[in-house]
Amino acid sequence: MTDLNAEPAEATRPTGPAADDEAAAAAAQAAESPEAAPEAAFEAAPEALPGEDPEATEDAPASRPRRSRGMIVVICVLAVALLAAIAGGVWYYLQLQDAEDRIDEQQQQIDEQRDLIEQKETFGAAMDGLVESAAKFDGVLMASVVPWEDYHRLAVQSWVHRWDAAAMADDTEAVERAAAELESRWSAAQTQATTNTTGSTYESVIDRLSGGFVESKIEGAVQLCDADGGGDRDLLGCVISDDPYLVHFDSAANALPYMTDELRTGIAYHEFAHVLQFTNPVATADALEAFDGDNEVMADCFALTYLDGWKLDHRIWTSDYEYWDVNIGYGKTCTGPQQQAVRDWYGRLGVELKPISSGALT
Ligand SMILES: [Zn+2]
């Protein structure tokens, strides 16, 4: 029990540097002795805390602002990323829209090109049809019945309109109309050539000479034929340049007591020469030189050249004791060279097949 008495003496030992040494020793002992470690650690800790607490109290308040800035940075980064994503989306949408617009534009161009090609093909087919219709008129004496210049103009027009589908469609219609007119004219001529509406020699001669392309009318023609001269002349018939496919025969002259079919035939030849003059202007201009430009003398010469036995002066007996001396024409019998000029002229007349070209395709 001695140990018991000694214990209070240690309990009253004053604290100081020695006590610190004892505490350090105790701590060391506690470290060495596993059983004593809890107590030594408990006691050493209060001394160690004062040294550590200042630092701990300084660091704690500073850590809160750092976390806020981090949040802001994160939010900013997220916002920037979001904006970038939105901008990227908008850019992609605009690019997509632009691409779609371009595709639409290209499709439209393709459609327009296809339409143009179709229009060109349609126009070409229409022009082939027109040439085919015109071919039927090869050799018809009235050259102007096939207006090649008009067709050439249509071809040139289509060349000008080659990038304009709508205008080319109009050109195609114009060509189709021209072909339809030719066909209609051809059919009418076939009918005209095989019928005699007036039942007269005039019409039968004109039908035969023209192949049915020239019409005959027996009517009060003096006023019509002599509009400039007041209708005072003794006219038997005429052809008007505005409509050279119609011969006007005067009904009063047709009923004269001395009028015969021989005279009617000669008169019809003379008038038909005027038809040929008007409808073949280029060849006629050359031939008229042989007649000093007098188309009436030339018309008489045509009848004298191509109608066997024809003459300008006639004695027409209307009974056993009555006759009429009749002069048909303009009183000048043509010479041999003039007759040759008429033959040369006649040989040049008529429709000649020609290629139709725009003149810009070569
Ligand atoms: Zn005449």
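Above this text is the structure in question.
Analysis parameters
Residues numbered from 1 in each chain as written. Predicted model: local features only at pLDDT ≥ 70, side-chain atom pairs only at ≥ 80, totals over all residues. Helix = DSSP H or I, 4+ residues; strand = E, 2+ residues; numbered from the N terminus. Buried ≥ 20, exposed ≤ 12 C-beta atoms within 10 Å, placed from the backbone. Contact = placed C-beta atoms within 7 Å. Pairing = 2+ DSSP bridges.

**Quick look at the overall build of the protein chain**
The helix and strand tally for the protein chain stands at 12 helices and 5 strands. For the protein chain, the proportion of its 362 residues judged to be buried stands at 24%. In the protein chain, the share of contacts with a sequence separation of at least 24, taken over all contacts with a separation of at least 6, comes to 67%.

**Re the pairing of strand β2 (residues 237–240)**
The alternating pattern of β2 places Gly237 and Val239 on a buried face and Cys238 and Ile240 on a face that is not buried. Taken together, the 4 bridges between β2 and strand β3 (residues 243–250) define a ladder with antiparallel strand orientation. For Gly237, the partnering residue across the bridge sits in β3 and is Phe249.

**Here we look at the environment of Gly336**
Locating Gly336 in the fold gives a position in helix α12 (residues 336–348). Judged by local crowding, Gly336 falls into the exposed class, with 7 C-beta atoms found within 10 Å. Sequence-wise, Gly336 and Cys301 are 35 residues apart; in three dimensions their C-alpha atoms are separated by 9.9 Å.

**Things to note about unusual backbone geometry**
With phi around 50 degrees, Asp292 is a residue other than glycine that occupies positive phi space. By secondary structure assignment, the location of Asp292 is in the loop between α10 (281–287) and α11 (295–306). For Asp292, a count of 8 C-beta atoms within 10 Å gives the class exposed.

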